[in-house]
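Geometric and topological summary
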Amino acid sequence: MLAKKLLQDFYKSDALIDSAVMDTYLHPDVVIDWNSSKGFIQMKRADILALTAELGRAYIRSKARISHIIKEGDTVAVRYSHYVKTIENPREEMLLAHFFVIWEIKDDKLFRGYQISQLS
């Protein structure tokens, strides 16, 4: 699969709140370096799936609105805003955070990520 198409499909899916969907996109050796508003976190496959499961318990809907996506070889840079709907208020969409991530793709899977985020 083309790297850019893979990322577009990934962010259009429920992967950010459904660990079963997330699992289909992750390379077995995936690692993401994440500089968040709360500091630096390095996450491996199990950490990513655990976070996804936690988000899935808190939110019933998730939408990533991509503003920029740039591909060079097997590397794709994506800038997006992550919106969610809570279980308590499923009619109201709220902005969770803004993200910029550079993904390296290997074997048609997300392999290495470098991400920064800022809470809304």
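Residues numbered from 1 in each chain as written. Predicted model: local features only at pLDDT ≥ 70, side-chain atom pairs only at ≥ 80, totals over all residues. Heavy atoms only, no water.

1. With respect to the pairing of strand β5 (residues 93-106)
Of the pairings in the sheet, the one linking strand β4 (residues 75-86) to β5 comprises eleven bridges and is antiparallel in character. When the sheet's bridge partners are listed, Lys-85 is paired in β5 with Glu-93. Count of turn residues in the β4/β5 antiparallel hairpin: six residues. Counting the residues that bridge the hairpin from β5 to strand β6 (residues 109-119) gives two residues, and of these Asp-107 lies at a positive phi of roughly 55°. (Pairing = 2+ DSSP bridges. Helix = DSSP H or I, 4+ residues; strand = E, 2+ residues; numbered from the N terminus.)

2. Some thoughts on the side chain of Arg-112
Positionally, Arg-112 belongs in strand β6. Of note is the side chain of Arg-112, whose polar atom sits 3.2 Å from the side chain of Asp-33. Looking at Arg-112, its side chain comes within polar contact range of the side chain of Tyr-114, at 3.4 Å. What Arg-112 contacts, discounting residues up to four positions off in sequence, is Val-31, Ile-32, Asp-33, Gln-42, Ile-102, Trp-103 and Glu-104. (Polar contact = N/O pair within 3.5 Å; in protein donor to acceptor, adjacent residues only side chain to side chain. Contact = heavy atoms within 4.5 Å.)

3. Section: the sheet that holds strand β2 (residues 39-44)
A sheet is described by the order of its strands in space; here six strands give the open sequence β2-β1-β6-β5-β4-β3, paired in mixed fashion. What marks the edges here is a single partner per strand, and that holds for β2 and β3 (59-72). Each strand axis lies, on average, 20° off the axis of its neighbour in the sheet, ignoring direction. Bridge analysis of β5 against β6 gives ten bridges, and the strand direction is antiparallel. Bridge pairing links Phe-100 to Ile-116 in β6. Helix-sheet contacts for helix α1 (residues 3-12) involve β3, β4, β5 and β6, and the interaxial angle to β3 is about 160°. (Axes fitted to C-alpha atoms, helices over the stretch in contact; angles between N-to-C directions.)

These values are about where atoms sit, not about what they do.
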